[in-house]
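Now for the letters of each chain:
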Amino acid sequence: MKNEKIDKVKTCLILGTTSDIARAIAVEFAKSGYNLILSGRDLETTIRIGQDIQIKYSVEVKTIHLDILDLNSHKEFFEKLSEIPDGLVFAIGYMGEQKESERDFSEARKVIDTNFTLPLNILNHFANEFEKRKSGFIVGIGSVAGDRGRKKNYIYGASKAALHAYLSGLRNRLVSSNVQVLTVKPGFVRTKMTEHLNLPPKLTAEPEEIAKDTLKAFLKKKDILYSKKIYRYMLFIIKHIPEKIFKKLDL
Amino acid sequence: MKINGWGHYPTINSEVRSSADFSKIQEIISKNTELIPNGLFRSYGDSALADITFSSLKLNKFLKFDLEKGILHTEAGVSFQEINEITIPKGWFLPVTPGTKFVTVGGAIASDVHGKNHHKSGTFGKFVMWIKILTADANIVTCSRNENEDLFRTTIGGMGLTGIILEAEFHLQKIGTSAIEQKTLKARNLDELLVFFEEYKEYTYSVSWLDTAVKGAKSGRGLLFLGEHSLDESLGKNYGHQKQLINLPVFLPNFALNAVVLKTFNFGMYTKEFKSEKDFRTDFDTFFYPLDAINNWNRMYGKRGFAQYQFVIPMENAALNLKKVLKKIADYGLASFLTVLKVFGEENDFYLSFPQKGYTLAMDFAISRKSLEMFIELDKIIADAGGRLYLTKDSRMSQEFFKLGYPNLEKFLEIKHKWDPLNKFQSVQSKRLGI
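Predicted model only: the values in this text are computed from it and were never measured.

Calculation notes
- Residues numbered from 1 in each chain as written.
- Chains lettered and ligands numbered in written order.
- Predicted model: local features only at pLDDT ≥ 70, side-chain atom pairs only at ≥ 80, totals over all residues.
- Heavy atoms only, no water.
- Pairing = 2+ DSSP bridges.
- Helix = DSSP H or I, 4+ residues; strand = E, 2+ residues; numbered from the N terminus.
- Axes fitted to C-alpha atoms, helices over the stretch in contact; angles between N-to-C directions.
- Buried < 20%, exposed > 50% of the residue type's maximum accessible area, 1.4 Å probe, protein only.
- Contact = heavy atoms within 4.5 Å.
- Arc of directions from axis to C-beta.
- Polar contact = N/O pair within 3.5 Å; in protein donor to acceptor, adjacent residues only side chain to side chain.
- Parallel < 35°, antiparallel > 145°, perpendicular 65-115°, else oblique.
- Left-handed = near helix turned anticlockwise from the far one by under 90°.
- Nonpolar A, V, L, I, M, F, W, Y, C, P; charged D, E, K, R; others polar.
- Patch = residues over 30% accessible without salt bridge, like charges linked within 9 Å, V, L, I, M, F, W, Y side chains within 5 Å.
- Areas by Shrake-Rupley, 256 points an atom, 1.4 Å probe, with all protein chains shown as cover.
- Salt bridge = Lys/Arg side-chain N within 4 Å of Asp/Glu carboxyl O.
- Lys, Arg positive; Asp, Glu negative; His and termini not counted.
- Charge placed at Lys NZ, Arg CZ, Asp CG, Glu CD.
- Phe/Tyr/Trp six-rings, centres within 6.5 Å; stacked < 30°, edge-to-face > 60°.
- Lys NZ or Arg CZ within 6 Å of the ring centre and 35° of its normal.

Asker: Break down the sheet that holds strand E4 (residues 36-38) of chain B for me, citing the residues and quoting the values.
Answerer: Residues and elements named next belong to chain B. The strand order across the open sheet built from three strands is E3-E5-E4, with neighbouring strands paired in parallel fashion. This sheet does not close on itself; its edge strands, each paired only once, are strand E3 (15-18) and E4. Sheet twist, expressed as the mean angle between neighbouring strand axes with direction ignored, is 35 degrees.

This is the structure in structure tokens:
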């Protein structure tokens, strides 16, 4: 009986599978032998991503619909989830248009609700379960935009800052319960979310790069990961610019 | 961005669009009046080039792999390399593969690719069960032998001119091992080589390399490579990657492949095989994809680029016509670096598909005023012989010559017009050839 428990294949839940970063991270977990539960708002694409991973990496993949902005779908999601996974990756995110968010509260609210408010209903649930079970992991995709507010994207940034603080508190609470919490802070990434933007090539990562870094950091039990690595130093500097100067900068 | 085919000739500027999301692709099709899909750019000339192109590379998902029946369903941008890595260890292999594994499923369909087993198995298109394609009106249509057959028969071999291939389902062939039993035969001249082809036609895979640098009685000497999937199950199904991937990091200068170098290389290829016959065991990559071991080998020809001249001619008078071709090349004082001769089996019913019963010869020549002039002379020999050129390799043939070789063009155009009345799907090549 004891052996069976040790040999059991672990399962990782992915929240927001259709984002490019999430798909790449799902692949990394599959490569290291995890079975997957994939969830997303666009169920058809989520299923296709699941089929692809199943065929390529011979792991078990389950797919469940989840629309983060629709609380009713949360209920169905919990019902359909037959098992509590060994851990989860939270990769739901909405950037919106900064200018639009400044003008229109409903747009600003959509950003905050998608990135922070409504995910709490899901994350709290699993945090409690993991705490009870005394094992588990939570990987949350934040953003360097959450490290300091800049005029270009501070509403998105504010939602990510909230997520960072939440994950940090969660880490503090769950460390004694053997639950790992990893905050991933990507910089520019070439994804669907950013395809309309002109990104600086040297500072821009491919989703696969973020995913590989994430798995490495997860296995090394890290708490916070900047990817690409250069952002760790860049953000260190940016965070330490006095506000008096920072407020005048055009970053 | 600048895009070009494998031959680096021609190169054009193109706006490359891409998405994995069908609704986004529909939007791209609706918004543009003229474009062509592309993938890994292994077609040599201008068939995947246009001012606006759609890259299928984000369509990269495997959707079904039936391990019992050996049926694979993928999106169009999945490459043969990825397929090999997944299906070979499970005992299934592509039914037909070209000489490079860096082609996409969509590209393989659009070119209706052939391989070393064409005389036995036909083209890749024969194994395709159905295709999901985004047509000019931005609708997603499924076509097969039973449904929209006209679209099916124009899409296979249709050079991307009927729409954006999104997905396809196709049969694989069962294999017991991932090893190949190879036999190499040395032929002293063209006549002997053709006799060998006839004598060994029962082999599943056959292809020959011939020396175009030698004149006279020895002209057309070469090596015939034969292969069978090994039946020795103890060998297992490990699909070992090519051990060393050599990269040609820069373009060689234009003069690097001069006549002396070519002659020496061809002489070396021929004489390194001492025996007249040799049997040995080899692996998939070495047998099917020898050139894939050298990354960017196409840079060998320098920045001027090169053309692969590949034709097929009927069996009747083939020896005579092949000799005319070799003589013409010798008269021009040119030699092809790599020359490949193979027997084709029966023609299929896809309107623009290249293979027909006969011999196919593929040769690489650097682009120069002389070689371009020679191609026109060769075209005349091929036209007289009742042959034609492979659209996937072509960058320069004339409309007249093309139309002579492809009598089903009228029918193709009629069906294309039905599905694409405004002629949305056009490439530099299709414009040049009046497709």
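We are not done yet, so read on.
Asker: How would you explain the pairing of strand E11 (residues 164-171) of chain B if you had to name every residue and give the values?
Answerer: Residues and elements named next belong to chain B. With seven of its eight residues buried, E11 lies for the most part within the structure. Looking at chain direction, strand E7 (residues 71-75) and E11 are connected through five bridges and run antiparallel. Each residue of the ladder has a partner; that of Glu 75, found in E11, is Glu 167. Where strand E9 (residues 128-134) lies against E11, six bridges are found, and the strand directions are antiparallel. The partner of Lys 132 across the bridge, within E11, is Glu 167.

Asker: I'd like a description of unusual backbone geometry, backed by residues and values.
Answerer: Peptide bonds are, in most cases, trans, and in most cases residues other than glycine have a negative phi. Residue A:Ser227 is joined to A:Lys228 through a cis peptide bond whose omega torsion reads -5 degrees. Examined against the element boundaries, A:Lys228 turns out to sit in the loop between strand E9 (224-227) and helix H10 (230-239). Cis geometry marks the peptide bond from B:Tyr9 to B:Pro10; its omega dihedral reads -5 degrees. Looking at where B:Pro10 falls in the secondary structure, it is placed in the loop between strand E1 (2-4) and strand E2 (11-13). Phi angles above zero are rare outside glycine, and A:Ser58 is one such case at about 50 degrees. Mapping A:Ser58 onto the fold places it in the loop between helix H3 (43-57) and strand E3 (61-65). If you check the backbone angles, B:Asn317 has positive phi at about 55 degrees while not being a glycine. Here B:Asn317 lies in the loop between strand E19 (306-313) and helix H9 (318-331).

Asker: Residue-level account of the sheet that holds strand E10 (residues 140-144) of chain B, with values.
Answerer: All names here are of chain B. The strand order E6-E7-E11-E9-E10 describes an open sheet built from five strands, whose pairing is antiparallel. Where the open sheet ends on each side, the last strands, each with one partner, are strand E6 (62-66) and E10. Pairs of neighbouring strands in the sheet enclose a mean axial angle of 10 degrees, with direction left out of account. In the packing of helix H1 (residues 22-31) onto the sheet, contacts are made with E9, E10 and E11, and the angle to E11 comes to roughly 130 degrees.

Asker: So, helix H4 (residues 71-80) of chain A: which residues are in play, and what are the values?
Answerer: Residue and element names in this part refer to chain A. When H4 is considered as a whole, its buried residues turn out to be Ser 73, His 74 and Phe 77. Looking straight down H4, one finds its buried side chains confined to an arc of 110 degrees; they lie on one side. The exposed residues of H4 that point more than 90 degrees off its buried face are Lys 75 and Glu 79. Buried residues belonging to H4 abut strand E1 (11-15), strand E2 (35-40), E3 and helix H7 (119-133). Capping of H4 at its N-terminal end is provided by Asp 70; its side-chain oxygen lies 3.1 Å from the backbone amide nitrogen of Asn 72.

Asker: Quick rundown of the packing of helix H2 (residues 20-31) of chain A against H3(A)? Include the residues and the values.
Answerer: Residues and elements named next belong to chain A. Across the interface, H2 lies against H3 with an axial gap of 10 Å and an inter-helix angle of 30 degrees. Taken together, the axes of H2 and H3 lie roughly parallel to each other. The handedness of the crossing between H2 and H3 comes out as right-handed. The segment H2 lies against H3, with Arg 23, Ala 26, Val 27, Ala 30 and Lys 31 engaging Ile 49, Asp 52, Ile 53 and Tyr 57. Grouping the constituent residues of the contact of H2 with H3 by class yields six nonpolar, no polar and three charged.

Asker: How would you sum up the pairing of E9(B)? Please name residues and give values.
Answerer: Residues and elements named next belong to chain B. The sheet contact formed by E9 and E10 spans five bridges and is antiparallel. Paired with Ile 131 across the bridge in E10 is Cys 143. Taken together, E9 and the strand that follows it, E10, pair antiparallel across an intervening segment of five residues, in which Ala 138 is found at a positive phi of about 65 degrees.

Asker: Give a description of a positive patch on the surface that names residues and reports values.
Answerer: Taken together, the side chains of A:Lys216, A:Lys220, A:Lys222, A:Lys229 and A:Arg232 present a region of like positive charge at the surface. Looking at the secondary structure, you find A:Lys229 in the loop between E9 and H10.

Asker: Describe the packing of H4(A) against H7(A), naming the residues involved and giving the relevant values.
Answerer: A pair of packed helices is captured by two measures, namely the crossing angle of their axes and the spacing between those axes. Residue and element names in this part refer to chain A. Put simply, H4 and H7 touch, their axes get as near as 10 Å, and they point 30 degrees apart. If you check the angle between H4 and H7, you find them roughly parallel. The interaxial crossing formed by H4 with H7 has right-handed handedness. Within the contact between the two elements, H4 uses Leu 71, His 74, Phe 77 and Phe 78 and H7 uses Asn 121, Ile 122, His 125 and Phe 126. Looking at the contact of H4 with H7, its residues break down into five nonpolar, three polar and no charged.

Asker: Residues and numbers for the packing of aromatic side chains, please.
Answerer: Inspection of every chain in the model, using the stated rule, returns 33 aromatic pairs over all chains. Both rings, one in A:Phe29 and one in A:Tyr34, keep their centres 5.1 Å apart while their planes meet at 85 degrees; by these two values the pair is edge-to-face. Considered together, A:Phe29 and A:Tyr34 belong to a single accessibility category, that of buried residues. Each ring, one from A:Phe78 and one from A:Phe126, has its centre 6.1 Å from the other, and the planes form 55 degrees; the classification is tilted. Placement of the pair is A:Phe78 in helix H4 and A:Phe126 in helix H7, with a sequence separation of 48 residues. For A:Phe78, a relative accessible area of 22% puts it in the partly exposed group. Three or more aromatic residues link up through ring pairs in this structure, and these residues are B:Trp6, B:Tyr44, B:Trp297, B:Tyr301, B:Phe306 and B:Phe337. The ring of A:Tyr94 carries A:Lys110 above its face, with NZ or CZ at 4.3 Å from the centroid. Seen from the ring of A:Phe246, A:Arg148 lies directly overhead, with NZ or CZ sitting 3.9 Å from the centre.

Asker: Give me a nonpolar patch on the surface: which residues, what numbers.
Answerer: Residues and elements named next belong to chain A. Together, Ile 245, Leu 249 and Leu 251 line one region of the surface with nonpolar side chains, adding up to about 240 Å² of accessible area. Secondary-structure assignment places Leu 251 in the segment after helix H11 (243-246). Judged by its relative accessible area of 39%, Leu 251 falls in the partly exposed class.

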